[in-house]
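Tertiary structure, described
One letter stands for each residue in the lines below.
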Amino acid sequence: MSPEEIRAAAEVHDELDPRYRDAVIESFLDKVGREIDARVDARLAQGAPQAPARPVKPRSEKSALPLAVVSLVFGIPLTAITVAAGPHPVGLPGLLVVWAAIAVINVAYNLGGQRRR
């Protein structure tokens, strides 16, 4: 459809009595639908190649997101225990050990996943 046809339909819609507006909209949508159908038929007749399918991620490939969430779920309480729990809290050195261990586990998991690919 040309821009003139679209403008004309919009102008007629504004000028008509509300009872007839639905008919103008239905007519316009019918024309648009026929135009889309004609374009699709033309492309199918040309044998246009279809868009390539998105690659499917293999089921065996694991996501790092669950490990990151579990790391936070365990890391936060371990931080509290390390810094403040008991009569002899370990303090900053213990905190660094806990988070270093969590970081090493996450890095090893992600590097192992890259080697498998």
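Residues numbered from 1 in each chain as written. Predicted model: local features only at pLDDT ≥ 70, side-chain atom pairs only at ≥ 80, totals over all residues. Heavy atoms only, no water.

**Remarks on the overall build of the chain**
What counts, and what does not: Put simply, DSSP marks the helices as runs of H or I at least four residues long and the strands as runs of E at least two long, and each gets a number from the N terminus on. A 1.4 Å probe rolled over the protein chains alone gives each residue an accessible area, and that area as a share of the maximum for its type sets the label: buried under 20%, exposed over 50%, partly exposed in between. The contact rule is simple, with two residues in contact once any of their heavy atoms fall within 4.5 Å. Accessible areas in this description were obtained via Shrake-Rupley with a 1.4 Å probe; residue shielding takes into account the shown protein chains only.
Scanning the chain from terminus to terminus reveals 4 helices and 0 strands. The order of α-helices and β-strands along the chain, N terminus first, is α-α-α-α. Each of the 117 residues in the chain was classed as buried or not, and the buried ones make up 9%. When contacts within the chain are restricted to residue pairs at least 6 apart in sequence, long-range pairs at least 24 apart make up 45% of them. Counting every atom, the chain has about 9800 Å² of accessible surface; 65% of that belongs to carbon and sulfur.

**Digging into the environment of Val12**
Positionally, Val12 belongs in helix α1 (residues 3–15). It is 9.9 Å that separates the C-alpha atoms of Val12 and Ile25, two residues lying 13 residues apart in sequence.

**Details of the side chain of Thr82**
Operational definition: Any pair of N or O atoms that falls within 3.5 Å is considered a polar contact. Within protein, one atom must be able to donate a hydrogen and the other to accept it, and sequence-neighbouring residues count only if both atoms are side-chain atoms.
With respect to the helices and strands, Thr82 occurs in helix α3 (residues 65–84). Among the polar contacts made by the side chain of Thr82, one reaches the main-chain carbonyl oxygen of Leu78 at a distance of 2.6 Å. Ignoring sequence-local partners within four residues, the contact set of Thr82 consists of Pro89, Val90, Gly91, Gly94, Leu95 and Val98.

**As for the pattern of salt bridges**
Keep this limit in mind: Salt bridges, as used here, are contacts in which a Lys or Arg side-chain nitrogen is within 4 Å of a carboxyl oxygen on Asp or Glu.
In total, this model carries 2 salt bridges according to the counting rule given. A salt bridge links Asp30 to Arg34; the shortest N-O distance between them is 3.4 Å. Taken as a pair, Asp30 and Arg34 lie in helix α2 (residues 18–46) at a separation of 4 residues, close to a single helical turn. The exposure class of Arg34 is partly exposed, given its relative accessible area of 48%. A salt bridge links Glu35 to Arg39, with the shortest nitrogen-to-oxygen separation between them at 3.1 Å.

**Topic: the side chain of Ser71**
Within the secondary structure, Ser71 is located in helix α3. Assessed through its relative accessible area of 11%, Ser71 is described here as buried. A polar atom in the side chain of Ser71 sits 2.8 Å from the side chain of Asn106. Here Ser71 is in contact with Trp99, Ile102 and Asn106, once residues within four sequence places are set aside.

**Section: a nonpolar patch on the surface**
Operational definition: For patch detection, residues must exceed 30% relative accessible area and be free of salt bridges, and they are connected within 9 Å for like charges or within 5 Å for nonpolar side chains (Val, Leu, Ile, Met, Phe, Trp, Tyr).
Residues Leu65, Val69, Val70, Val73, Phe74, Leu78 and Ile81 make up a contiguous nonpolar surface patch of roughly 660 Å² in combined accessible area. Structurally, Phe74 is set in helix α3.

Worth remembering: the numbers are spatial, not functional.
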